[in-house]
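Remarks on the overall topology
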2 protein chains.
Amino acid sequence: MNASTAMKVGPELSSVFDHIAKNNDKFVSRLLDYLRHPSISAQNVGMGEVVELLVSMLRKLGLEASAIPTAGYPVVMGRWERAPGAPTVLLYGHYDVQPPDPLEAWISPPFEPVIREERVYARGAGDNKGQHFAQILALESHLAVHGCLPCNVIILLEGEEEIGSPHIAEFVDAHRDLLKADLVVTADGPLHESGRPIITYGVRGIVAFELRARAARSDVHSGNFGGLAPNPVWTLVHLLATMKNTEGNITIDGFYDDVGAPTELERTAAARLPLTAEDIQRALGLAKLDNPTDLPLADRLMFRPTLTINGLHGGYGGPGSKTIVPHEAFAKCDARLVERQDPEDILRKIEAHVKNHAPDVEFIRIESTPPSKTRLDAPFSKAIQSALQIAHGVEPLIYPSLGATLPDYVFTKILGTPSFVVPYANADEANHAPNENIKICCFLNGVRTGAALLDALGGSPR
Amino acid sequence: MNASTAMKVGPELSSVFDHIAKNNDKFVSRLLDYLRHPSISAQNVGMGEVVELLVSMLRKLGLEASAIPTAGYPVVMGRWERAPGAPTVLLYGHYDVQPPDPLEAWISPPFEPVIREERVYARGAGDNKGQHFAQILALESHLAVHGCLPCNVIILLEGEEEIGSPHIAEFVDAHRDLLKADLVVTADGPLHESGRPIITYGVRGIVAFELRARAARSDVHSGNFGGLAPNPVWTLVHLLATMKNTEGNITIDGFYDDVGAPTELERTAAARLPLTAEDIQRALGLAKLDNPTDLPLADRLMFRPTLTINGLHGGYGGPGSKTIVPHEAFAKCDARLVERQDPEDILRKIEAHVKNHAPDVEFIRIESTPPSKTRLDAPFSKAIQSALQIAHGVEPLIYPSLGATLPDYVFTKILGTPSFVVPYANADEANHAPNENIKICCFLNGVRTGAALLDALGGSPR
Ligand SMILES: [Zn+2]
Ligand SMILES: [Zn+2]
């Protein structure tokens with residue numbers, strides 16, 4: 001199979017593609033309608049309205065649909081299970097969006113979608129309304145043309161992804177019966193910057209924590225108390241320096257214990273990715289990459305954990321100098337975890353390290369999400385690859401893992417279901433930023449991809 | 001000599017003390033008048049007016065007085081040299097004050113002096129108008145009673161002390177002929193918190209600098225680029241950790257090269273100071289002091305240099321977490337230097353260390369002032385001690401060195417003149433802070449101290 005080879009499209013999918021082509025304008029205009037409804041989970045704006053809208057949208061297609069309450073915002077579910085013997089795919093997406101601030105940076109208002117230069121601009125255009133709406137339109141197109149779907153489908157739309165999915169694990173655990181599927185497909189995130197489609201087989205986990213050091217009651221004069229009053233900034237500097245060395249290795253006891261080697265398939269896939277230090281350096285404006293420069297890029301991006309200081313603040317930060325000994329300082333950090341690393345275990349190890357090296361420093365847990373991983377040779381992997389090849393006319397890039405923040409582990413770890421992330425949005429979608437957008441061609445190719453996926457799964461043995 | 005023994009006051013000084021006692025109320029009311037005139041060097045407020053006021057004040061006493069221009073604000077000088085054979089004392093002070101911000105924290109406005117609970121509240125009350133005005137009133141009192149002074153006097157009032165004395169070295173170097181004196185006395189800073197008088201024989205020097213690290217063009221996502229994009233906060237953490245170790249020792253090559261041992265006199269004087277770790281801990285609310293805890297407190301306060309991080313800032317500092325790799329970070333630091341350490345040499349050594357350990361980090365010099373040191377057995381040392389004993393009725397505390405920021409080195413290093421710092425203000429004067437104040441008893445005792453000082457010097461052989 002060559003990157004530029006188009007695959008043969010069967011007659012059933014071909015007529016669905018025709019239907020999509022005829023309805024391009026209508027689909028885009030219905031996307032604008034959907035984007036007009038804000039649903040900002042962090043600010044509790046418009047959530048109920050969008051839940052109702054989605055449930056009625058799914059019912060209109062003939063799906064059994066409902067909003068299922070959680071301790072937070074409801075989960076919208078829809079199901080079509082009239083293809084006995086065919087596999088069942090669970091399509092995950094999220095209907096909540098990021099807050100649109102800073103508003104003044106938007107060229108057009110975030111909830112008044114407009115088309116400029118072949119892109120739809122609006123909050124949620126890429127992340128994630130434009131993508132799960134494309135999935136829904138793929139279902140609609142199959143149903144419109146054939147009156148049925150090639151496989152069974154469960155739709156699960158979460159309302160709390162942008163606030164860290166605090167209730168999705170609980171929900172999935174409590175509703176295993178509703179979520180029995182052969183595979184999970186998530187349309188979220190961006191395509192490769194070249195426009196090539198991507199399949200991601202895992203998401204690194206994360207733990208985030210804060211270190212807080214305090215000393216004197218208030219800042220004191222460095223001439224009178226320098227070297228006498230403990231300096232919380234020095235405390236954090238010395239502590240952090242024991243946690244990662246200049247070679248880039250994390251020096252917390254046991255941190256790498258559960259890091260496995262990538263499989264041969266993963267290594268081969270990673271080696272085929274168009275991933276060069278030069279590209280990254282150019283994109284970020286860097287003279288060089290960070291240590292350890294002796295590891296392959298793919299290892300560092302996918303197969304190894306990281307420890308990052310997200311921010312460190314203490315003492316004077318204004319112009320010129322202020323000769324004080326600061327009385328408090330804090331550092332916020334995150335660690336990206338790879339498969340088999342357990343966030344709880346890692347947090348315990350970090351905390352033990354802190355207690356050991358700087359017993360007076362407070363350790364505060366902020367966040368933790370386990371990693372997820374699906375085998376490259378998992379069932380339906382080939383079906384998804386061929387669907388992407390058909391919809392895009394180009395072979396997809398295979399990412400064994402990426403650093404997103406999707407709660408993918410709830411499918412792989414809680415349900416034990418293989419899970420694939422198949423993004424539809426352009427690489428410059430500006431998600432979480434002002435002027436979020438989706439290219440119209442990406443959106444429509446998303447609908448085609450969704451349709452091809454259902455078709456490919458329908459032709460796959462369970 | 002015992003701490004509580006009063007010394008015998010000669011008849012000439014006794015009549016000056018009587019004059020001061022009779023004029024207490026007038027002196028305080030004239031201090032209020034002086035404090036009503038703002039003279040904020042950092043904001044160029046009222047400087048010219050206060051210069052004129054001082055020149056005419058000194059001329060009224062019969063001094064030869066003038067304002068001598070500098071590249072910044074003028075230096076006010078006054079001289080009385082009609083005591084041939086007697087020593088000449090140069091009295092240093094500064095007529096500029098700190099900006100009064102934050103204004104809302106003042107109980108009464110900073111330039112509308114008021115008396116509350118036996119204190120005068122106003123910007124400059126302690127730092128330094130109240131103190132050099134007390135010196136001037138001491139001269140006035142001697143002149144009023146005796147028509148002459150017991151020794152020769154040069155008054156030097158700087159207008160840029162609160163902005164780092166940028167032109168005083170140049171001024172002193174260019175006007176050596178006008179500044180020929182046997183000793184320098186500076187009334188600035190606070191008495192001991194017990195109220196006991198202090199003589200300080202040196203001021204530690206200072207260098208201040210900033211370290212700036214930059215990497216990517218902007219903050220990037222830690223999931224996508226953690227461990228790939230160099231992290232400027234980690235860069236500073238690792239660099240700073242090589243500059244001082246957890247034992248509190250500065251680990252910059254050659255940093256301690258020119259640090260001499262204290263003299264036997266200095267060691268003895270330091271050992272007599274009422275200085276305990278417990279007092280400092282209680283005052284600052286500390287559970288313990290910083291390393292190196294095995295060195296005597298006096299060594300750490302007076303005889304050893306320090307390296308302090310005044311502030312370190314980089315990356316996210318808001319609530320919760322933001323999983324970024326920061327693209328820039330900076331640290332502001334100061335080092336306090338002891339006698340024989342040369343700021344230029346130290347800055348070169350620090351810069352070389354930075355270039356060696358983190359070549360991409362920018363090193364920015366902010367400030368440098370050499371240390372000063374006067375021998376404990378310098379001429380006139382005993383005269384000053386006995387003047388303080390007479391004015392306060394208690395033996396002064398002898399500080400071989402302190403961590404102030406006075407440009408004392410211009411006298412000891414440029415002129416080669418012994419220099420003594422003899423503070424008049426209360427320990428809680430709140431200089432540089434809202435509600436700056438001077439206790440009326442401290443102010444009046446300052447006038448008495450100044451008078452006793454002139455008397456003691458008059459009786460000392462040149
Ligand atoms: Zn998002
Ligand atoms: Zn000051």
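Just so it is clear, the structure is predicted and the values come from calculations on it, not from any experiment.

Attention now goes to the sheet that holds strand E5 (residues 119-121) of chain B. All names here are of chain B. Taken together, 3 strands build an open sheet; the order of strands is E4-E5-E19 and the sheet is antiparallel. In this open sheet, the two strands that pair with only one neighbour each are strand E4 (114-116) and strand E19 (437-439). Between one strand axis and the next, the sheet turns by 30° as a mean value, whatever way the strands run. Of the strand pairs in this sheet, E5 and E19 are connected by 3 bridges, and their pairing is antiparallel. What sits directly across from Arg119, in E19, is Lys439. Packing of helix H2 (residues 24-35) onto the sheet brings it into contact with E4, E5 and E19, and relative to E5 it is tilted by some 15°. The strands that helix H14 (residues 440-458) touches are E4, E5 and E19; relative to E19, the one it contacts most, it runs at about 70°.

Taken as a whole, chain A shows an average pLDDT of 94; of its residues, 98% reach a score of 70 or greater. Taken together, the chains of this predicted complex give a pTM of 0.89 and an interface ipTM of 0.89.

All names here are of chain A. Taken together, the protein ligands of the zinc ion (ligand 1) are Asp127 (OD), Glu162 (OE), Glu162 (OE) and His432 (NE2), with distances of 2.0 to 2.6 Å. The coordination sphere of the zinc ion (ligand 1) comprises 4 donor atoms, whose angles at the metal cover 55 to 130°; the geometry is irregular. Expressed as a motif, the donor residue spacing for the zinc ion (ligand 1) is D-x34-E-x269-H. Of the two residues, Asp127 sits in the loop between strand E5 (119-121) and helix H4 (129-146) while His432 sits in the loop between strand E18 (419-421) and strand E19 (437-439), which places them 305 residues apart along the sequence.

Turning our attention to the relation of the copies chain B and chain A. Turning one copy of the chain about an axis and sliding it along that axis gives the other copy, so a rotation and a shift relate them. Expressed as a screw operation, the relation of chain B to chain A combines 0.0 Å of axial shift with a rotation of 180°, fitting to an RMSD of 0.1 Å. On this basis, the relationship between the two copies can be described by a two-fold rotation axis.

With numbering matched to this structure, UniProt assigns "domain: Peptidase M20 dimerisation" (unreviewed entry) to residues 201-360 of chain A. Helix makes up 33% of residues 201-360 of chain A and strand 22%, with an end-to-end C-alpha separation of 41 Å.

Turning to the coordination of the zinc ion (ligand 2), a few remarks are in order. All names here are of chain B. Here the zinc ion (ligand 2) is held by Asp127 (OD), Glu162 (OE), Glu162 (OE) and His432 (NE2), and the distances to it run 2.0 to 2.6 Å. Written as a sequence motif, the donor arrangement for the zinc ion (ligand 2) is D-x34-E-x269-H. Look at Asp127 and you get buried, because its relative accessible area is 5%. We classify His432 as partly exposed; its relative accessible area is 41%.

At the junction of the two partners, chain B supplies 70 residues and chain A supplies 70 residues. Here chain B and chain A share an interface that buries about 5,500 Å² over both sides, 59% of which is from carbon and sulfur atoms. Three residues stand out in chain B for area buried against chain A, namely Leu228, Trp234 and Leu284 of chain B, and they jointly supply 14% of the buried area on that side. Inspection of the chain B/chain A interface yields 2 salt bridges. Of the charged contacts, one joins Lys288 of chain A and Asp360 of chain B as a salt bridge, the two residues approaching to 3.2 Å between their closest N and O atoms. Across the chain B-chain A interface, the total number found is 43 residue pairs in polar contact (both at pLDDT 80 or more).

Residue and element names in this part refer to chain A. As a packed pair, helix H2 (residues 24-35) and H4 sit with axes 11 Å apart at the nearest point and diverge in direction by 135°. As far as their axial angle goes, H4 and H2 are oblique. For the pair H2 and H4, the sense of crossing is right-handed. Each of Phe27, Arg30, Leu31, Tyr34 and Leu35 in H2 lies in contact with H4, whose residues at this interface are Lys129, Gly130, His132, Phe133, Leu137, Glu140 and Ser141.

Conventions adopted
All residue numbers refer to positions counted from 1 along the written sequence of the respective chain. Here chains are named by letter from A upward and ligands by number from 1 upward, in the order in which they appear as written. Local features in this predicted model are restricted to residues whose pLDDT is 70 or higher, and side-chain atom pairs enter the listing and the counts only when it is 80 or higher, whereas totals over whole chains, interfaces and linings include all residues. Derived side-chain values reflect all non-hydrogen atoms in the structure, with water molecules and hydrogen atoms excluded from consideration. A pair of strands is considered paired only if DSSP assigns at least 2 bridges between the two. A run of H or I in DSSP counts as a helix once it spans at least four residues, and a run of E counts as a strand once it spans at least two, with each numbered from the N terminus. Whenever a helix is involved, its axis is fitted only over the stretch in contact; in every case the axis is a line through C-alpha atoms, and angles between N-to-C directions fall within 0 to 180 degrees. Contacts are assigned to residue pairs that have any heavy atoms within 4.5 Å of one another. Along the chain, pLDDT gives the predictor's confidence residue by residue, from 0 to 100. Metal-coordinating donors are taken as N, O and S atoms lying within 2.8 Å of the metal, or within 3.2 Å when the metal is Na, K or Ca; because water is left out, some sites can appear incomplete. Labels for metal geometry use angle windows, namely 85 to 135 degrees for all angles of a four-donor tetrahedral site, and for square planar (four donors) or octahedral (six donors) sites opposite donors over 155 degrees apart plus all others within 65 to 115; sites meeting none of these are irregular. Copies overlap after least-squares fitting; the atoms used are the C-alpha atoms of residues with pLDDT of at least 70 in both. UniProt positions are given in the numbering used here, feature names are shortened, and annotations may be inferred rather than shown by experiment. The buried label applies to any residue whose accessible area, calculated with a 1.4 Å probe on protein chains only, is under 20% of its type's maximum; exposed applies above 50%, and partly exposed to all values in between. Accessible area that two parts lose when put together, with a 1.4 Å probe and added across both, is what the buried area reports. For this document, the term salt bridge refers to a Lys or Arg side-chain nitrogen within 4 Å of an Asp or Glu carboxyl oxygen. A 3.5 Å cut-off defines polar contacts: any pair of N or O atoms within that distance qualifies, except that in protein one atom must be a possible hydrogen donor and the other a possible acceptor, and neighbouring residues in sequence count only when both atoms are side-chain atoms. Angle categories: roughly parallel below 35 degrees, roughly antiparallel above 145, roughly perpendicular from 65 to 115, and oblique for all the rest. Take the far helix as your reference; a near helix turned counterclockwise from it by less than a right angle gives a left-handed crossing, and one turned clockwise gives a right-handed crossing.

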